[in-house]
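Next come the chains, spelled out residue by residue.
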Amino acid sequence: MPSNTKVEVRRSPRRRRTVSAYRDGDTTVVLVPATFSRAEEKRWVDQMLQKLQAREGRRHPGDRELQERAVELAERYLDGTHLPDSVRWVDNQNSRWGSCTPDTRTIRISRRVAGMPSWVVDYVLVHELAHLRIPHHGRDFWELVRRYPKADRARGYLEGFSAGSRSDCDHGEPSEALEPDEVAFEE
């Protein structure tokens, strides 16, 4: 479980025996029957956190797998040049899908992308890999990104995901501050 995860327990008088849990941003919500004692609640919360973590570990590749996939995509679509030195998942990007620091050849991908279809994850990787060669979003950059055959489809998926996840009261949070030599892929 990410270290910045908060736990919220919700007791329900309609629940009799079932316990469930899900992630809501950086919060894990655990639903338990209102009749549970505090000891039962703690036992079930611990058990549900372990189950979620195990399930997410199976579903989401780790940093090593992400790095290997990035190199494979760079070789396939970007002529194998400008390979990254580091590619990793991060939990602190809530308004962008990924970011890249060309000087250090470092790519960070938001963990929110990990649960998306693999062709979307690949697109985000290709986008950030292209920034290793071209730091801006000019015509030459997009020509490079469009070498990935599902680029337009993945962009549409991400735009739809962003639109669907915004609430009526959300007026947009300011983006995270970038380092001077960092480029970001924002929603």
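Shown above is the structure to which this text applies.
Bear in mind the structure is a predicted one, so any value in this text is a computation, not a measurement. (Residues numbered from 1 in each chain as written. Predicted model: local features only at pLDDT ≥ 70, side-chain atom pairs only at ≥ 80, totals over all residues. Heavy atoms only, no water.)

## What about the nonpolar core?
In summary, soluble globular proteins display a tendency toward joint burial of nonpolar side chains. Where we set the bar: Here, nonpolar core refers to any group of buried Ala, Val, Leu, Ile, Met, Phe, Trp, Tyr and Cys residues whose side-chain atoms link them within 4.5 Å. Relative accessibility decides the category of a residue: with a 1.4 Å probe and only protein chains considered, values under 20% of the type maximum give buried, values over 50% give exposed, and everything between is partly exposed. Helix and strand assignments come from DSSP, with helices taken as H or I runs of at least 4 residues and strands as E runs of at least 2, each series counted from the N terminus.
Counting residues in hydrophobic clusters, the biggest one holds 34 residues, and the most contacted among them are I109, V113, Y123, L125 and L129. Elements with a minimum of two residues in this core: α2 (63-77), β4 (86-90), β5 (96-101), β6 (106-110), α3 (118-133), α4 (139-145) and α5 (151-165). In terms of nonpolar packing, the next biggest core, distinct from the first, is built from nine residues, V30, F36, L49 and L52 among them.

## Structural notes on α3
We apply this condition: Multiplying 1.5 Å by the helix residue count minus one yields the expected span of that helix.
Taking 1.5 Å per residue as the helical rise, α3 with its 16 residues ought to reach 22 Å, and the 23 Å between its terminal C-alpha atoms agrees with that figure. Counting buried positions over the 16 residues of α3 gives 14, a clear majority of the element.

## Concerning the pairing of strand β3 (residues 27-33)
For clarity, the cut-off: Whether two strands pair comes down to DSSP finding at least two bridges between them.
Counting buried residues along β3, seven of its seven residues qualify, which places the element largely inside the surrounding structure. Burial along β3 is two-sided: T27, V29, L31 and P33 facing one way and T28, V30 and V32 facing the other are all buried. Of the pairings in the sheet, the one linking strand β1 (residues 6-12) to β3 comprises seven bridges and is parallel in character. From the neighbouring strand, E8 faces β3, where its bridge partner is V29.

## Examining the packing of aromatic side chains
This is how it is decided: Stacked, edge-to-face and tilted labels apply to pairs of Phe, Tyr and Trp rings (six-membered ring for Trp) whose centres lie within 6.5 Å, assigned for plane angles under 30 degrees, over 60, and everything in between, in that order. Both a distance and an angle decide whether a charge sits over a ring: NZ of Lys or CZ of Arg must be within 6 Å of the ring centre and within 35 degrees of the ring normal.
For the coordinates displayed, the defined rule picks out four aromatic pairs. Judged by centre distance (5.7 Å) and plane angle (75 degrees), the ring pair of W119 and Y157 falls under edge-to-face. Linking W119 in helix α3 with Y157 in helix α5, this pair joins segments that are 38 residues apart in sequence. Taking the relative accessible area as the measure of exposure, W119 reaches 16% and is therefore buried. Overall, the relative accessible area of 30% leaves Y157 in the partly exposed class. Above the plane of the ring of W119 lies R153, whose end atom (NZ or CZ) is 4.0 Å from the centre. Taking NZ or CZ as reference, R155 lies 4.4 Å from the ring centre of W142, over its face.

## Quick look at the pattern of salt bridges
Threshold: The rule for a salt bridge is simple: a side-chain nitrogen of Lys or Arg has to be within 4 Å of a carboxyl oxygen of Asp or Glu.
Taken as a whole and judged by the stated rule, the model has 13 salt bridges. The residue R69 makes a salt bridge to E72 at a minimum N-O spacing of 2.5 Å. Here R69 pairs with E72, and both are found in helix α2, just three residues apart, close to one helical turn. Among the charged side chains, a salt-bridge network with shared partners connects R69, E72, R76 and D122.

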